[in-house]
Amino acid sequence: MADLRINFAGIQSPNPFWLASAPPSNTGAQVHRAFEAGWGGAVWKTIGPPVLNVSNRYGAWHSGSNRMLAINNVELISDRPLAINLREIRDVKRAWPDRAVIASAMVESTPAAWQTIVRQIEDTGADGIELNYGCPHGMSERGMGSAVGQVPEYCEQITSWAKAAAKIPVIVKLTPNITNIVLPAQAALRGGADALSLINTVNSIISLDLDTLELIPSIGGKGGHGGYAGPAVKPIALNMLAALGTDPSVSGSGKPISGMGGISTWQDAAEFLLLGATSLQVCTAAMHYGFRIVEDLCDGLKNWMDSKGFATLADVRGKSLHRVSDFQNLDLSYRAVARIDPALCIKCNLCYVACNDTAHQCIDLVDKTGARVQPCTWDPAGNGREEAVSTRPQPRVRDEDCVGCRLCYNVCPVEGCIRMVEEPSGRESVTWQTLVNTEPAITNDWEAMKRYREAHGIDIH
Amino acid sequence: MLKTLTEQFPPLSRHEALVEANRCLYCYDAPCTHACPTHIDIPRFIKKIPTANLLGSAQTILASNLLGATCARVCPVQELCEGACVLGAEHKPIAIGRLQRYAMDHVYNNGIDVFQPGPPTGKRVAVIGAGPAGLSCAGELARLGHDVTVFEKRELPGGLSTYGIIVLREPVDVALAEAAMIARLGVKIESGVEVPRDLSAEDLRARFDAVFLSVGLGATPALGIPGEEFILDGLDYISQSKMNLPELKPHPAVLIIGAGNTAIDCATIAKRLGSGRVTMLYRRTENEMTAYPHEYAFVKNEGVDFEFLTLPVRVLTDNGAVAGLECVRTRLIPHPEPIPGSNFVLPAQQIIKAIGQQKPSVGAALGLATERGFIQVDANLRTSQPAIFAGGDCIRARGAASTVMAVQDGKIAARAIDKSLAEKVAA
């Protein structure tokens with residue numbers, strides 16, 4: 001049975017799943033309940049200066065009948081008095097010595113303020129401190145949160161203030177609202193950070209009310225950008241995680257990364273681990289379904305690790321990072337084509353219209369005899385189930401014209417019906433970088449490119 | 001608890017409609033649209049429901065089928081759109097009929113008229129019969145600006161939708177609301193007028209540029225058995241259940257002669273009125289039944305019994321009241337032949353026959369060519385007389401008669417009539 005224990009910059013945790021610093025970790029009672037459900041740790045909702053919150057706080061993006069593909073919020077850091085938070089952190093840690101209890105903090109940008117909060121947190125017995133450089137709304141207007149995270153020099157400076165006072169590990173949480181995530185990460189490491197965590201929420205306006213013309217969520221008729229989170233941000237988080245994992249200075253530092261951003265299932269978790277995360281933080285999925293989801297997160301991850309022969313999370317960590325590549329190093333001769341399984345196909349013909357209208361026009365509709373037919377050409381005098389079903393054409397890929405774009409695969413509603421299969425291209429492997437070196441003319445001369453294509457049998461219709 | 005004679009399905013709630021509409025895959029060149037006789041662009045109207053564009057949804061439906069509210073309720077969707085749904089093979093097909101009703105209810109409940117009359121052409125068209133074919137044709141012609149008068153022999157418009165479709169599927173109000181919508185397109189509906197009794201062929205020719213016949217079928221044919229005068233007509237029975245329900249009473253034993261969809265409706269009414277044993281009699285077997293399989297399954301679930309290979313011989317009476325029906329068993333060779341000496345009696349206090357309808361008589365009366373008793377038409381639904389067109393059950397020499405087919409006939413005929421009137425102007 002796979003071992004899910006982790007050691008994160010010296011912080012021990014029975015499994016990698018931590019509640020992210022957010023509403024689920026707002027109170028001691030909640031964190032108690034989360035630990036009872038099996039969470040390995042919790043990053044306390046950010047503590048810091050006094051704030052007042054507003055209502056409504058959360059907007060959400062739904063797709064069809066699927067609720068909450070993303071949530072956004074304008075909730076601030078904890079609005080509970082600092083002393084109460086510190087007392088509850090202490091109580092929780094005493095009650096749960098085997099769990100990771102980390103206090104997230106955000107204070108005024110002065111050395112004294114940071115050193116004070118660090119000492120107060122250390123007095124609770126917490127295992128670590130997470131510096132919240134990410135909050136994109138409200139606090140940033142007061143010079144905190146992403147106002148710090150977006151300026152690498154501030155990241156470095158504040159991290160060094162906190163580190164000067166801290167005996168327990170300092171984790172720097174990065175904002176995604178920046179062009180290059182590597183720069184603040186490097187700055188935090190220069191400032192002495194013991195670990196990094198990412199991503200915080202993404203700047204967003206989630207929607208508008210078409211009756212009132214107000215922003216959603218509407219706070220007395222007004223609204224603004226809020227932090228975007230949930231399943232929809234996972235690809236952004238994975239990309240930023242990979243950017244850190246493939247940066248020599250960040251990965252070379254050996255500092256662990258706590259990954260977060262849309263983790264809802266053990267599969268999401270495994271993906272973050274494969275791109276280099278050591279611990280995993282979860283918020284939106286817990287806010288959607290409650291703390292109970294941790295059971296499947298652990299169970300599914302363990303079963304997958306067992307099936308793959310991974311004994312510990314260290315065996316999984318960063319396992320796919322070597323596959324992260326720049327475009328210029330991808331094999332231009334690799335060829336995949338789409339195959340539609342007629343036995344599984346339900347003939348919705350979404351692949352056909354997607355390919356025909358918006359991709360590369362390489363799916364045909366064929367009748368029972370295999371003859372190509374045009375859509376919408378049935379006899380309007382005909383009708384009825386029998387006729388409609390028995391004459392319905394079937395989509396079929398023209399291999400020779402398929403560019404392997406994978407759009408049809410993505411739109412097909414039937415699991416396993418369309419597969420992308422490797423077909424020999426008949427060409428030797430070559431990357432764009434190689435071509436830049438060996439055939440520089442083709443990079444800026446269409447005639448040269450034409451000659452190259454003809455010489456290598458590359459036909460683009 | 002006694003099941004009632006009210007519309008079987010409640011309207012979908014907003015939530016139900018959203019969940020169902022979101023299940024639709026939005027097939028390209030969708031089979032449901034092909035299967036629909038009026039070829040409503042079904043994925044298009046469904047996709048407009050979750051975005052709260054219910055007006056657009058209704059427009060999409062009505063553009064292909066002016067009687068979308070009736071069809072949403074009465075169509076045999078299992079045999080048509082829903083039967084062709086790509087999700088049907090392994091999952092549940094989309095509830096297209098109920099979603100269509102959801103969109104139709106939106107416009108009718110909110111008093112929205114989706115279409116307006118077209119600019120007047122000065123052409124006059126008579127439509128004979130205010131059933132689905134007639135109203136569809138009249139509405140389409142009015143949209144094109146023609147001056148249309150519908151002549152209906154009964155008191156209310158709607159034809160079978162009003163009088164002949166069991167309330168479980170379509171309440172009278174729905175059919176009347178549709179007729180009122182057609183009237184608001186400028187169509188004049190004159191009831192109590194029968195052709196040729198009140199309006200001769202000459203009158204029609206003199207007053208109108210074109211005529212559309214949508215007269216439906218005739219009365220239920222006679223069984224030709226002693227005591228037939230004690231047998232109720234199935235269509236009358238259904239009509240009573242819609243117009244004058246308190247007059248209908250339950251009985252300990254009711255017999256329904258016939259096994260088509262009308263017979264099933266009669267059996268359902270009898271059962272839901274609280275009758276004891278309701279038995280359907282059919283001279284053939286369940287394999288030859290003309291009722292849709294889902295209707296057969298429905299009525300069995302209602303608790304109706306069946307006597308197959310059974311032919312009525314004579315009605316038994318007691319003091320002027322029905323007491324039973326003497327029957328004889330049949331065998332199929334392949335037509336049903338009575339088996340001599342196999343007579344038996346089924347006790348009953350009420351007997352209803354629903355054995356189809358007679359061919360329309362109007363065609364012959366107007367001197368039109370007929371085919372197997374039905375009015376003969378070409379692909380454009382033109383009869384043997386160039387200015388007279390026909391559609392609906394009165395031309396249905398082949399295939400199953402249905403409301404939606406009638407609506408499509410009305411649409412096709414309206415286009416053909418419009419074209420012929422334009423040609424006349426040009427000539």
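Fair warning: this is a prediction, and the values are worked out from it, not measured in the lab. (Residues numbered from 1 in each chain as written. Chains lettered and ligands numbered in written order. Predicted model: local features only at pLDDT ≥ 70, side-chain atom pairs only at ≥ 80, totals over all residues. Heavy atoms only, no water.)

## A look at the overall build of chain B
Right, so step 1: When you go through chain B residue by residue, the secondary structure sums to 16 helices and 16 strands.
Right, so step 2: Computed over its C-alpha atoms, the radius of gyration of chain B comes to 22 Å, within 12% of the 22 Å expected for a compact globule of 427 residues.
Right, so step 3: Each principal axis of the C-alpha distribution contributes one length, and for chain B these read about 70 × 55 × 40 Å.
Right, so step 4: Here chain B, with 427 residues, has 55% of them falling under the buried criterion.
Right, so step 5: In chain B, 70% of the contacts between residues at least 6 apart in sequence involve partners at least 24 apart.
Right, so step 6: In chain B, 42 positive and 44 negative side-chain charges are present, and the distance between their average locations comes to 3 Å. (Helix = DSSP H or I, 4+ residues; strand = E, 2+ residues; numbered from the N terminus. Rg over C-alpha atoms; globule rule 2.2 N^0.38 Å. Buried < 20%, exposed > 50% of the residue type's maximum accessible area, 1.4 Å probe, protein only. Contact = heavy atoms within 4.5 Å. Lys, Arg positive; Asp, Glu negative; His and termini not counted. Charge placed at Lys NZ, Arg CZ, Asp CG, Glu CD.)

## So, unusual backbone geometry
Right, so step 1: At the junction of S55 of chain A and N56 of chain A, the peptide bond is cis and its omega measures out at 0 degrees in the coordinates.
Right, so step 2: In this structure, N56 of chain A sits in the loop between strand 4 (41-47) and strand 5 (58-63).
Right, so step 3: Even without being glycine, A9 of chain A reaches a positive phi, approximately 55 degrees.
Right, so step 4: In this structure, Y26 of chain B is a non-glycine residue whose phi angle is positive, near 65 degrees.
Right, so step 5: With respect to the secondary-structure elements, Y26 of chain B resides in the loop between helix 1 (14-23) and helix 2 (31-35).
Right, so step 6: Residue class for Y26 of chain B comes out partly exposed when judged on its relative accessible area of 45%.

## A look at the interface of chain B and chain A
Bring the parts together and some accessible area is lost; that lost area is often taken as the interface size.
Right, so step 1: Contacts between chain B and chain A engage 24 residues on the former and 23 residues on the latter.
Right, so step 2: Between chain B and chain A, roughly 1900 Å² of surface is buried when both sides are summed, and carbon and sulfur atoms account for 61% of that area.
Right, so step 3: Looking only at chain B, the three residues that lose the most surface to chain A are Y28, D29 and H34 of chain B, adding up to 40% of its buried area.
Right, so step 4: Counting across the interface, chain B meets chain A through one salt bridge.
Right, so step 5: A salt bridge links E79 of chain B to R385 of chain A; the shortest N-O distance between them is 3.8 Å.
Right, so step 6: For the pair chain B and chain A, the number of links is 10 residue pairs in polar contact (both at pLDDT 80 or more).
Right, so step 7: Mapped by element, the contributors of at least two residues to the side of chain B that touches chain A are helix 1, helix 2 and helix 6 (81-84) of chain B. (Buried area = accessible area lost by both parts, 1.4 Å probe. Salt bridge = Lys/Arg side-chain N within 4 Å of Asp/Glu carboxyl O. Polar contact = N/O pair within 3.5 Å; in protein donor to acceptor, adjacent residues only side chain to side chain.)

## Quick word on the domain arrangement of chain A
Right, so step 1: Once the domains are mapped, chain A shows domain 1 (6-323) and domain 2 (327-429).
Right, so step 2: One C-alpha centre belongs to domain 1 of chain A, the other to domain 2 of chain A, and the line joining them spans 42 Å. (Domains from an automatic or database assignment.)

## Here's the deal with the sheet that holds strand 3 (residues 188-191) of chain B
Backbone-to-backbone hydrogen bonds pair the strands of a sheet. The strands run either parallel or antiparallel.
Residue and element names in this part refer to chain B.
Right, so step 1: Sheet architecture is open: five strands sit in the order 3-2-1-4-16, paired in parallel fashion. Here the strands that pair on one side only, and so sit at the sheet edges, are strand 3 and strand 16 (388-390). When strand polarity is set aside, the average angle formed by the axes of neighbouring strands in this sheet is 20 degrees.
Right, so step 2: The pairing of strand 4 (residues 210-213) with strand 16 spans three bridges and is parallel. Across the sheet, the residue bridging to V211 is I388, located in strand 16.
Right, so step 3: Sheet strands in contact with helix 8 (residues 132-143) are strand 1 (124-128), strand 2 (147-152), strand 3 and strand 4, and its direction is about 165 degrees off that of strand 2. (Pairing = 2+ DSSP bridges. Axes fitted to C-alpha atoms, helices over the stretch in contact; angles between N-to-C directions.)

## Considering the domain arrangement of chain B
Residue and element names in this part refer to chain B.
Right, so step 1: Each domain of chain B was delimited in the assignment, giving domain 1 (14-109), domain 2 (124-218 + 358-426) and domain 3 (228-353).
Right, so step 2: Each of domain 2 and domain 3 has a C-alpha centre, and these two points are 32 Å apart.
Right, so step 3: Domain 2 puts 17 residues into the contact, and the matching count from domain 3 is 12 residues.
Right, so step 4: Roughly 1000 Å² is buried in total at the junction of domain 2 and domain 3, and carbon and sulfur atoms are behind 62% of that figure.
Right, so step 5: Taken together, the connections running from domain 2 to domain 3 amount to two salt bridges.
Right, so step 6: Across the pair E295 and R169 runs a salt bridge whose closest N-O atoms are separated by 3.4 Å.
Right, so step 7: In terms of residue count, the dominant contributor to the side of domain 2 that touches domain 3 is helix 9 (residues 160-163) (four residues).
Right, so step 8: Looking at the side of domain 2 that touches domain 3 residue by residue, the class counts come to 10 nonpolar, four polar and three charged. (Nonpolar A, V, L, I, M, F, W, Y, C, P; charged D, E, K, R; others polar.)

## A few points about helix 14 (residues 293-301) of chain B
All names here are of chain B.
Right, so step 1: Along helix 14, the residues that are buried comprise E295, Y296 and V299. Seen along its axis, helix 14 keeps its buried residues to an arc of 100 degrees; they face one direction. Summarising the geometry of helix 14, the exposed residues directed more than 90 degrees from the buried face are P293 and N301.
Right, so step 2: The inward-facing, buried residues of helix 14 contact helix 13 (261-272), strand 7 (277-281) and strand 8 (305-307).
Right, so step 3: Within two residues after helix 14, G303 carries a phi angle of roughly 95 degrees, on the positive side. (Arc of directions from axis to C-beta.)

## Let's talk about the sheet that holds strand 11 (residues 202-204) of chain A
Residue and element names in this part refer to chain A.
Right, so step 1: With respect to topology, four strands assemble into an open sheet ordered 5-6-14-11, the strand pairing being antiparallel. Lying at the two open borders of the sheet, with one neighbouring strand each, are strand 5 and strand 11. Neighbour to neighbour, the strand axes of the sheet diverge by 40 degrees on average, direction disregarded.
Right, so step 2: In this structure, strand 11 lies alongside strand 14 (residues 226-229), joined through three bridges in antiparallel fashion.

## Some details on the pairing of strand 9 (residues 170-173) of chain A
All names here are of chain A.
Right, so step 1: Side chains of strand 9 alternate between two faces, with V170 and V172 and I171 and K173 buried alike.
Right, so step 2: The pairing of strand 8 (residues 128-132) with strand 9 spans four bridges and is parallel. Note on strand 9: the bridge partner recorded for L131 is V172.
Right, so step 3: In this fold, strand 9 hands off to helix 6 (residues 182-190), which returns the chain to strand 10 (residues 195-198); that crossover is right-handed. (Right-handed = clockwise from strand over helix to strand, strands pointing away.)

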